[in-house]
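Structural description and commentary
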Amino acid sequence: CASVAPVRDANNIDDKVQFSMDGRFAVQYIENGEDKSMTGKMLWEETRRATDITLSTPLGNAIAGLHITPNEARIKTSDGHLFVENTPEELMYRLLGYELPFSNLRSMVGSSQKSLAEHTVLEGIEGWDVKVTNRFPNPNLAKKLIITRIKPTPLTFTLFIDERSDAPEPTE
Amino acid sequence: TPIDDLQQFNSTTSSASGSFTQKVIGKSGSAKKVSSGTFIFARPGKFRWTYTAPYEQVLVSDGKTLSIFDKDLNQVTKRSLGSAIGSSPAAILFGGKDLSANFTLSDGGSADGRAWVTAVPKSKSGNFTKVNIGMRNGLPDAMELYDTLGQVTVLNFSGISKNSGAPASTFNFVAPAGAIQGK
């Protein structure tokens with residue numbers, strides 16, 4: 001089965017990881033009228049050409065690898081299946097039955113040039129409301145985000161970023 | 001042989017506790033932060049796996065349901081254990097007694113003072129291509145979990161205490177006040 005993500009050439013400017021973040025996420029959603037939840041870990045690695053997202057269980061083993069380019073989103077699951085859609089949202093809907101805000105997550109977590117002040121709510125990013133409730137000390141970038149939507153079905157995506165490449169750990 | 005040691009451990013250990021460190025090596029080879037914590041289990045399928053650093057998270061199985069609480073996310077997630085334990089590492093340490101039901105075991109040679117067993121899941125639908133278990137003094141001392149997406153999880157165990165018994169309440173999950181609950 002063809003591997004999802006091309007082997008990255010670290011010397012190629014297009015393949016250099018320009019931004020990465022590693023964290024934990026939780027999803028609350030409604031399925032058949034019942035409140036459901038899911039939790040896991042996420043590794044986000046972005047180059048100029050594409051974004052690779054590895055989703056893992058809380059115990060750390062990978063269960064899905066997404067490879068997102070401007071034209072398509074593909075996912076390889078741990079049992080070897082490969083799915084391709086136009087957008088990450090369509091892909092996650094196909095797999096999970098609900099969307100996750102991956103297309104806008106990069107802008108939601110902000111950067112040193114453009115970042116949300118704490119506890120402000122950014123409304124209406126394609127139906128998602130974003131609230132930053134915890135920040136890295138310096139630079140003062142988002143660490144915990146609560147991303148919610150009401151339609152088509154209520155859903156809350158909570159992301160706690162343990163490490164992000166644009167907010168290096170203070171050296172002891 | 002290490003396989004005999006592992007099978008012996010499995011068949012003579014009804015419960016055990018200890019500490020672990022865990023490192024996940026991504027498919028690009030980059031190693032992420034080491035996490036650590038404690039574990040306690042009672043066969044079949046009951047365990048409490050607690051991460052204490054760099055964050056607080058607990059996974060509790062009562063043999064039927066797996067409950068996960070993450071302090072930073074402040075959320076409780078529950079799922080049936082069957083789909084979670086399957087041919088996962090938890091099955092090796094905490095599952096039923098006969099490993100060869102779920103895994104093909106082979107001698108993995110010796111390295112870093114351990115005798116290794118290679119366990120390949122018989123089911124192809126699991127998350128792992130293989131699991132290496134390092135044995136020392138008849139106890140599992142390390143594990144390397146190769147998942148199907150190229151990540152490797154390296155676990156090291158210490159302070160293992162066998163058959164020390166655990167109060168039944170150990171495996172009952174009680175959600176902290178204010179935690180968001182989900183099914």
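The structure we're discussing is the one just above.
Values in this document were obtained by computation on a predicted structure and should not be read as measured data. Numbering of residues starts from 1 in every chain and runs along the sequence as written. Going through the entries in the order they are written, you letter the chains from A and number the ligands from 1. Where local features are concerned, this predicted model is filtered to residues with pLDDT of at least 70; where side-chain atom pairs are given and counted, the filter is 80 or more; whole-chain, interface and lining totals use all residues. Computation of side-chain values: all heavy atoms of the structure, hydrogens and water removed.

What follows concerns the environment of Ile63 of chain A. The helix count covers DSSP runs of H or I at least four residues long, the strand count covers runs of E at least two residues long, and both are numbered beginning at the N terminus. Within the secondary structure, Ile63 of chain A sits in strand β4 (residues 62-68). Relative accessible area serves as the criterion here: at 32%, Ile63 of chain A is assigned to the partly exposed category. Sequence separation of Ile63 of chain A and Asn140 of chain A is 77 residues, and the distance between their C-alpha atoms is 31 Å. Working rule for contacts: check all heavy atoms of both residues, and any pair within 4.5 Å makes them a contact. Excluding residues that lie within four positions of it along the chain, Ile63 of chain A makes contacts with Leu55, Ser56, Thr57, Lys76, Thr77 and Ser78 of chain A together with Asn127 and Leu149 of chain B. Exposure is judged per residue with a 1.4 Å probe applied to protein chains only, and the accessible area is read against the type maximum: over 50% gives exposed, under 20% gives buried, and values in between give partly exposed.

All names here are of chain B. As for its position among the elements, Ile40 is in strand β2 (residues 35-42). Residue class for Ile40 comes out buried when judged on its relative accessible area of 18%. The spatial distance from the C-alpha of Ile40 to the C-alpha of Gly126 is 24 Å, given a sequence separation of 86 residues. When residues no more than four places from it in sequence are discounted, the contact partners of Ile40 are Ala16, Ser17, Lys46, Phe47, Arg48, Ala166, Thr170 and Phe171.

On the chain B side, the residues contacting the 38 residues of chain A number 31 residues. Together chain A and chain B conceal approximately 2800 Å² of surface at their shared face, both sides included; 51% is due to carbon and sulfur atoms. Buried area, as used here, totals the accessible surface that two parts lose on assembly, with accessibility defined by a 1.4 Å probe and the loss added over both. Interface area lost by chain A to chain B is led by Arg24, Ser37 and Leu59 of chain A, which between them contribute 22%. Across the pair Arg24 of chain A and Asp72 of chain B runs a salt bridge whose closest N-O atoms are separated by 2.7 Å. Pairing of N or O atoms within 3.5 Å defines a polar contact, subject to two protein rules: one partner must be a possible hydrogen donor and the other a possible acceptor, and residues neighboring in sequence count only if both atoms are side-chain atoms. In this assembly, chain A and chain B are joined by 14 residue pairs in polar contact (both at pLDDT 80 or more). For the side of chain A that touches chain B, the secondary-structure elements that each account for two or more residues are β1 (19-31), β2 (34-46), β3 (51-56), β4, β5 (73-77) and β10 (155-164) of chain A. Per-element tally for the side of chain A that touches chain B: the top contributor is β2 of chain A, with nine residues. Any Lys or Arg side-chain nitrogen found within 4 Å of a carboxyl oxygen on Asp or Glu counts as a salt bridge.

What follows deals with the packing of aromatic side chains. For any pair of aromatic rings, the description consists of the separation of the ring centres together with the inter-plane angle of the planes. Only Phe, Tyr and Trp rings are paired, with Trp represented by its six-membered ring, and only when their centres lie within 6.5 Å; those with planes under 30 degrees apart are stacked, over 60 edge-to-face, the remainder tilted. What the rule picks out here adds up to nine aromatic pairs over all chains. Relative to Tyr98 of chain A, the ring of Tyr29 of chain A lies with its centre 4.2 Å away and its plane at 35°, an arrangement referred to as tilted. Separated by 69 residues along the polypeptide, Tyr29 of chain A in strand β1 and Tyr98 of chain A in the loop between α1 (88-96) and α2 (102-109) bring together distant segments of the chain. Residues Phe102 of chain A and Phe157 of chain A carry aromatic rings whose centres are separated by 6.3 Å and whose planes lie at 85° to one another, so their mutual orientation is edge-to-face. In this pair, Phe102 of chain A is assigned in helix α2 and Phe157 of chain A in strand β10, connecting sequence segments 55 residues apart. Put simply, the rings of Phe20, Phe39, Trp49, Tyr51, Tyr55 and Phe157 of chain B touch in pairs and so form one group of aromatic residues. A ring is considered to have a charge above it if a Lys NZ or an Arg CZ atom is located within 6 Å of its centre and within 35 degrees of its normal. The ring of Tyr51 of chain B is capped by Lys41 of chain A, whose NZ or CZ atom sits 5.2 Å from the centre of that ring. Taking the ring centre of Phe19 of chain A as reference, the NZ or CZ of Arg106 of chain A above it sits at 3.6 Å.

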